[in-house]
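Close look at the chain arrangement
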Amino acid sequence: MRIVAASDHAGVELRREMADEARLLGHEVTDLGPAPGEAVDYPVNGALVGRLVAAGEYDLGLLVCGTGVGISIAANKVHGIRAVVCSEPFSAALSRRHNDSNVLAVGARVVGPGLARMITREWLTAEFEGGRHARRVQLINDLDADREADVLTPDRAVK
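A few points on the structure.

Strand pairs in the sheet, formed through backbone hydrogen bonds, run parallel or antiparallel to each other. What the five strands build is an open sheet, ordered S2-S1-S3-S5-S4; its pairing is parallel. Each edge of the open sheet is held by one strand with a lone partner, namely strand S2 (28-31) and strand S4 (83-85). Averaged over all pairs of adjacent strands, the angle between their axes in this sheet comes to 20°, without regard to strand direction. With four bridges connecting them, strand S1 (residues 2-7) and S2 associate as parallel partners. Among the inter-strand pairings, Ala 5 is bridged to a residue of S2, identified as Asp 31. The strands touched by helix H5 (residues 113-125) are S1, strand S3 (60-65), S4 and strand S5 (103-107); relative to S5, the strand with the most contacts, the crossing angle is about 165°.

The subject of this paragraph is the nonpolar core. Ranked by size, the top nonpolar core spans 20 residues in total, and within it Met 18, Leu 62, Leu 104, Val 106 and Trp 123 carry the most contacts. Mapped onto this core, the elements with two or more residues apiece are S1, helix H1 (12-24), S3, S5 and H5. Apart from the residues lying within four places of it in its own chain, the contact partners of Leu 62 are Ile 3, Val 4, Ala 5, Ala 6, Met 18, Ala 19, Ala 22, Leu 104, Thr 120 and Trp 123. Grouped together as the second largest cluster of nonpolar side chains are 15 residues, Ala 6, Ile 71, Ile 81 and Val 103 included.

Procedures and definitions
Residues numbered from 1 in each chain as written. Predicted model: local features only at pLDDT ≥ 70, side-chain atom pairs only at ≥ 80, totals over all residues. Heavy atoms only, no water. Pairing = 2+ DSSP bridges. Helix = DSSP H or I, 4+ residues; strand = E, 2+ residues; numbered from the N terminus. Axes fitted to C-alpha atoms, helices over the stretch in contact; angles between N-to-C directions. Contact = heavy atoms within 4.5 Å. Core = buried A, V, L, I, M, F, W, Y, C linked by side-chain atoms within 4.5 Å. Buried < 20%, exposed > 50% of the residue type's maximum accessible area, 1.4 Å probe, protein only.

This is the structure:
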């Protein structure tokens, strides 16, 4: 898979760990930075990775900021992105299996390098299960596309 990685200045080292883990798994990784000591606002790189993944230039994205929250919010503003912030491997794997997440965000002030590698590995090795989850992901896609104001009405809920 083609993966794009970026961070803000707080996440430089952890981003490199995650990118290295992805490479160990055989993926092609493009690291957009920043370099150590270079200041970058997390919304800039969150949106950039989101746009590149949404455009199909990359299959998946890896993001890091202090908590993972801000950069994931920025990525999720991009149409077609389902970014997840994770602090442990179980949620990372389920976000791929059940939610078809396409961007993973991690907090450099929340997890250490070993745990970040485990989260990255679990996320990258999990596959979307489809089935009942596909319908739910489609509901998210409908919201994302803003196709209609009442896209999530009670009649569309599972009874």
